[in-house]
Structure formats: structure tokens, C-alpha cells
Amino acid sequence: MAGCVSRVELSVTCRNLLDRDLGSRSDPLCVVLQDAGSGRWAELDRTERIKNCQNPEFCKKLVVDYYFEKVQKLKFGVYDIDNKSFDLNDDDYLGGVECTLGQVVSSSVFTRPLELKQGKPAGKGTITISAEEIKDTRVVYLEIEARNLDKKDLLGKSDPFLEFYKQSDAGTWQLVYRSEVVIKNNLNPCWRKFSVPLQTFCGGDFNKPIKVQCADHDSDGSHDLIGTFETNLTQLQKASDSSAVEFECVHPEKKQKKKSYKNSGIIRIKSCKIETEYSFLDYVMGGCQINFTVGVDFTGSNGDPRSPESLHYISPDGINEYLIAIWSVGSVVQDYDTDKLFPAFGFGAQIPPSWQVSHEFPLNFNPSNPYCQGIQGIVDAYRQILPQIRLYGPTNFSPIINHVARFAAHSAQQGTASQYFILLIITDGEITDLDQTRQAIVNASKLPMSIIIVGVGEADFKAMEFLDGDNGVLKSLTGEPAARDIVQFVPFRQFKNAPREALSQMVLAEVPKQLVSYYKWQGWPPVKLPEIKKM
């Protein structure tokens, strides 16, 4: 494993973006991709979408691991988002730039013209990226409300939102937070509790000037300033459950024009707390074991394993898509499991001696001990079982998800961050029990587990993409939403000609976030706390 030197946070602003919308301005979003080899790019992170704006200053920072010893080629792409789909291929491209992370890190401010393709400028559009190392794992939590804000709309009250800016060393103001929810028609709003990493908020300097702006949201992007005030984290921290800290929200122009002007409302900081956030490495180095389970689809739609057309056909060089997926994902995950014993199951086949269809049979035919020794053990068990079973159906995912969930639930009862479970399902995609699987995933989202689905073959994987939940929160049939996003789906065909590590990088990219989000949700610190933790 290459040693990640540090994580960097990239702030992005754009100027003079192309206008792709009729009757309004573009709704831009910026995505950062990393070169995955063979002409492929893997997404690392994306900003929020800003409506009706040609000069966006994105609030969400792009977080990238920085490896000193690697040339990390990055591509920043700006898109005009006009729909709710996660996929950017159906959105207008407003331009992009390719560079290395080293170039960005070594420049205090990195500005480049946007290009639609190499050598073709995107009008006068530019992108500016600045990097900051994340050295501090503390997070600021704030609860804020306002009283008697000025009315800005003719037909209704104001729709207020907040923006926080920190002062840079050069004296300029940099946006660090924009409140998500615009509270409609309300002059006494109470915003949802929110958090900002301390590093982002004030660079760890409790006396660094912070400017807070309250504005009235307009859908055309021409937001009206209600008022502003300056403070710092030391002052904000005086807020407690028993007494709020109040600031007058002042509109500079109104103050100049009217002697009798007092303010445009009062902003009340109800609570300001600073807590430590732990990273994936904090948990892993603190003793969290990652348990890896494999589920293999042996349904009839895969084709007869003896036929070269079958997805289970083992080629003369000893491989097929199922084996490549097991190897590439397993070889990364096995480093985090000390005993290297991995349960491996099949589903959707008739198995001897009764030839009953089973949806969770051990690949080694040993129900009391379904563990294989290392990834090689899974591969050997798979090769041995193929000629002994009959591919059949239907394709039911829920039994194997529920099987792993039982172990995860037992582990969760200990109340410590000691065990996390990853289930890899490899399938040709023709799922039968979609409703039961949705329920199983929603139940599992409350447990210490993640599910990776690799789709092999050329099937339509719409059901798998639906389970991934990237286009919105996955819900059970009864409407219960998943507590967190735990499914990552990847079609193998996208990686056919890519290096082996490209598949594992893509499917495992979400796991660290999912693991941390679970333990954070439970409020569980690492079993062994990191010794050098800045407090």
C-alpha cells in the first residue's frame, strides 16, 4: 500500500462559464477525476450544483489523498446540471482542465482557462483551484437561528440562507459554508444543525476573522443581501445550551444612508461545539477488522460453464470475469483481515445430493465451516464446485445479504468499532427478488457492513444501479429509507481492458467513507485511540 502523505482539500471557483440554458444561466457543478490508466478516469469527488450562475464559488471542497511518490493526474470538469441523475454523460459540458495534483499543491493559486477539448477554449471560462492540507480532524458543529430579518420579497417574506467566509492570509474572503436549506417565507428562521471541518472553517486559528452573510435567496441567482457581521470562533464558542450568542445583522449601505438604522435582524448562535472526527485509518489502525464475504451468482442466465459463451467458462489461461472480480477486490481487502479466512457462497443453483435450489450454499460444501483460506482458497473452491452443480434460478440476493447482516448485527451488539463486514456479490444482473433485496439493504444500512455488486456480462443493469442509490436514497417497499448509502455497483465491462487495480479502486472507493459514516452515526471511537491526535 502506498503511503498517503496527507489529504488535501481543493477549493474551486470559476469565472465566465458558457451559458447552455435557454432563458436562464447554467447550473454548474465541478467534478474531479483521477487517471486510472488506459485512458480511463475514476471520479474522486464532486462539488454541489449552483443554480443560475456563471461565476460560481463552490462551497463543497474536493478532498483528495496526496501521494508524494505518485504522479496523480487529475481532470477537473465543469457541467451544467439539468436533471437529477448522478451520471454526467447526459449533462452539458462547460469545459475542463487536466493537471497534476503536484502542480496544484505547489501553486498557492492555480488558475487555467477551461477547454472543451484540447486546444479548444470554452469561451472566456477559467477555473481557479487552491489547495490546503487537512492537518486537523476536529469539526465545528453550529446551530443558528435569526429574529426579525428584513423583508426582501415584494409578494412574500424573505427566503433567508447563510454564508460563512474565512479571511485568508492575503486578506481576501473565502467561502467555507453555505446553508443547504433555504427557509422559504420566514423572517425568523431556525436553520438545521450543520458541521464544517475546523481546518476549512478557520484553518485551526480560533481568532481568524469570520464573516457571516445572511441573504434572501432568489431562484434566478440574484440573491439580495439582508445583512452581515464579523466574528471569530472564540466568540462563537461562547454559545451554550443555556445562553445563545447574538450578533446584529447589518446592511452596510442601509447603515450609511439612514441615521436611524439599527440592523436588519439578529442572528443567534444557539450552540457551537468542536468535536474530533476519526478517519478510516484511525479505525483500521485502532484495531477494526474488515471481514470479507463473497457471493457468486450460479443462475442459468450465465450459460453452461462448459460453453465458451458462458460467463462461468474458465478460459485456457485459467480466468473468467468472476475470478478476476474475486481477485481484484479480494487482494485489496485481505490486507485488513488478520485471519485471512473468508466465507464464500453461491446462489441460484441446484446442488447435490438432493438437487434442491439453494440461495446461500458454501462454495466448499461445508455449511458448518464455509471459510476459505485466503483469496486463493475462494478461487480454488469456485473452480472445484463448478462441475458439481447445475446452474438454475431464480436470482435472489436477499438470503446472502441477510446472512452477512446476521453476523454484522451480532458484532454491532458489542458496541465497539471492532468488526466491519464487506459483502461482494458478483452477478450477471437478472435479479428476481428486488423488493426483498431492497428491504434487506435498508436493514443492513443500520449495521457495520457495505455491499459491493460487480455486474458481469452484457445484461441491462438498471436494477443494480437502482440499488446503488446514487440517484437518491434507496427505500424499502414500505417507504423506509436506507440509514446510509452502503451499496456500490460497478459493471465489469467498463474495466475489461483496464489494469486489474482499476476495478478494485473503483469498487472500494466508497468503503472507507461508509465505514466512517457508520461509526460516526453510532458515536463509536476507534477501539485504540490514535496516540497523536491534535486536541
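Here's what I pulled together on the structure shown here. (Residues numbered from 1 in each chain as written. Predicted model: local features only at pLDDT ≥ 70, side-chain atom pairs only at ≥ 80, totals over all residues. Heavy atoms only, no water.)

**Focus on the overall build of the chain**
We apply this condition: Runs of H or I in DSSP of at least four residues are treated as helices and runs of E of at least two as strands, each being numbered from the N terminus. In this treatment the radius of gyration is a C-alpha quantity, and the globule benchmark scales as 2.2 Å times the residue count to the 0.38 power. Buried, partly exposed and exposed residues are distinguished by accessible area as a fraction of the type maximum, computed with a 1.4 Å probe on protein chains only: under 20%, between the cut-offs, and over 50%, respectively. Between two residues, a contact is recorded if the distance between any of their heavy atoms is within 4.5 Å. The charged-residue count follows a simple rule in which Lys and Arg add positive charge and Asp and Glu add negative charge, with His and chain termini not counted at all. Where a charge lies is defined by one atom per residue type, namely NZ (Lys), CZ (Arg), CG (Asp) and CD (Glu).
Assigned secondary structure in the chain consists of twelve helices and 26 strands. Rg of the C-alpha trace for the chain: 26 Å, near the compact-globule value of 24 Å for 535 residues, within the 12% margin. Going through the 535 residues of the chain one by one, you find that 51% of them count as buried. Within the chain, contacts between residues at least 6 apart in sequence are counted, and of these 71% link residues at least 24 apart. Counting 59 positive and 67 negative side-chain charges, the chain places the averaged centre of each group 6 Å from the other.

**Focus: the pattern of salt bridges**
The cut-off we apply is this: We define a salt bridge as a side-chain nitrogen of Lys or Arg found within 4 Å of a carboxyl oxygen belonging to Asp or Glu.
The tally for this structure, following the rule as stated, stands at 21 salt bridges. One salt bridge connects R438 with D435, and the closest N-O pair in it is separated by 3.6 Å. Placement of the pair is R438 and D435 together in helix α9 (residues 434-444), with a separation of three residues, close to one helical turn. Here R438 falls in the buried class, since its relative accessible area comes to 15%. The residue E458 makes a salt bridge to K496 at a minimum N-O spacing of 3.5 Å. On the criterion of sequence distance, the pair formed by E458 in the loop between β25 (449-455) and α10 (462-468) and K496 in the loop between β26 (487-491) and α11 (500-508) is long-range, its members being 38 residues apart.

**Let's talk about the nonpolar core**
Formally: For the purposes of this section, nonpolar cores are sets of buried Ala, Val, Leu, Ile, Met, Phe, Trp, Tyr and Cys residues that join through side-chain atoms within 4.5 Å.
Formed by 57 residues in total, the largest nonpolar core has its most connected members in F292, F298 and I378. Top contributing element to this core by residue count: helix α6 (residues 321-333), with seven residues. Other than its neighbours up to four places away in sequence, F292 contacts V329, G330, V333, D337, F342, P343, I375, I378, I422 and L424. Membership of the second largest hydrophobic core comes to 31 residues, among which are Y177, L198, C202 and C272.

**Looking at unusual backbone geometry**
The amide bond that connects P352 to the next residue, P353, takes the cis arrangement and shows omega of 0 degrees. In this fold, P353 is placed in the loop between β19 (349-351) and β20 (356-358). P394 follows G393 through a cis peptide bond whose omega is -5 degrees. Non-glycine residue S38 carries a positive phi angle of around 55 degrees. Mapped onto the fold, S38 is located in the loop between β2 (28-37) and β3 (40-46). Accessibility expressed as a relative area gives 56% for S38, which makes it exposed.

**Description of the state of the cysteines**
To be explicit about the condition: Criterion for a disulfide: a pair of cysteine sulfur atoms at a distance within 2.5 Å.
Scanning the model with the defined rule gives zero disulfides in all. Left without a disulfide partner, C30 is nearest to the cysteine sulfur of C14, which lies 5.8 Å away. Here C272 stays unpaired: no disulfide links it, and the sulfur of C202, its closest cysteine neighbor, is 9.4 Å away. Judged by its relative accessible area of 6%, C272 falls in the buried class.

**Considering the side chain of R438**
Basically, it comes down to this: Distance and chemistry together define a polar contact, namely a pair of N or O atoms within 3.5 Å, with one atom able to donate a hydrogen and the other to accept it when in protein, and with adjacent residues in sequence counting only for side-chain atoms on both sides.
For R438, the side chain forms a polar contact with the main-chain oxygen of S476, separated by 3.4 Å. Apart from the residues lying within four places of it in its own chain, the contact partners of R438 are F466, L467, L474, K475, S476 and L477.

**Re the packing of aromatic side chains**
Cut-off, in case you're wondering: When two rings of Phe, Tyr or Trp (its six-membered ring) have centres within 6.5 Å they constitute a pair, described as stacked for plane angles under 30 degrees, edge-to-face for angles over 60, and tilted for the intermediate range.
A full pass over the atoms with the stated rule returns 19 aromatic pairs. When the ring of F164 is compared with that of Y177, the centres are 6.3 Å apart and the planes differ by 65 degrees; the resulting orientation is edge-to-face. On the criterion of sequence distance, the pair formed by F164 in strand β10 (residues 160-167) and Y177 in strand β11 (residues 173-178) is long-range, its members being 13 residues apart. Each member of the pair, F164 together with Y177, is buried. Centre to centre, the rings of Y420 and Y519 are 6.2 Å apart; their planes meet at 65 degrees, and the pair counts as edge-to-face. Remark: Y519 occurs in helix α12 (residues 511-522) and Y420 occurs in strand β24 (residues 419-427); sequence separation between them is 99 residues.

**Observations concerning α11**
Buried within α11 are the following residues: A502, L503, S504, V507 and L508. At its buried positions, α11 is contacted by β2, β3, α6, β25, β26 and α12.

**Some remarks on the packing of helix α8 (residues 398-412) against α9**
How two helices pack is summed up by the angle between their axes together with the distance between the axes. Put simply, the rule is: In this analysis, axes come from line fits to C-alpha atoms, helices being fitted only over the stretch in contact, and the angle between any two N-to-C directions falls in the range 0 to 180 degrees. Should an angle lie under 35 degrees it is considered roughly parallel, over 145 roughly antiparallel, and from 65 to 115 roughly perpendicular; all remaining angles are considered oblique. By the definition used in this description, the sense in which the near helix is turned from the far one sets the handedness, with an anticlockwise turn below a right angle giving left-handed and a clockwise turn giving right-handed. The residue classification treats Ala, Val, Leu, Ile, Met, Phe, Trp, Tyr, Cys and Pro as nonpolar and Asp, Glu, Lys and Arg as charged. All others, Gly included, are polar.
Orientation of α8 relative to α9, taken along the N-to-C sense of each, is 15 degrees, at an axis distance of 9 Å. Considering their axes alone, α8 and α9 lie roughly parallel with respect to each other. The way α8 lies across α9 gives a crossing that is left-handed. Where α8 abuts α9, its residues S398, I401 and N402 lie against Q436, T437, A440, I441 and A444. Taken together, the residues that form the contact of α8 with α9 break down as four nonpolar, four polar and no charged.

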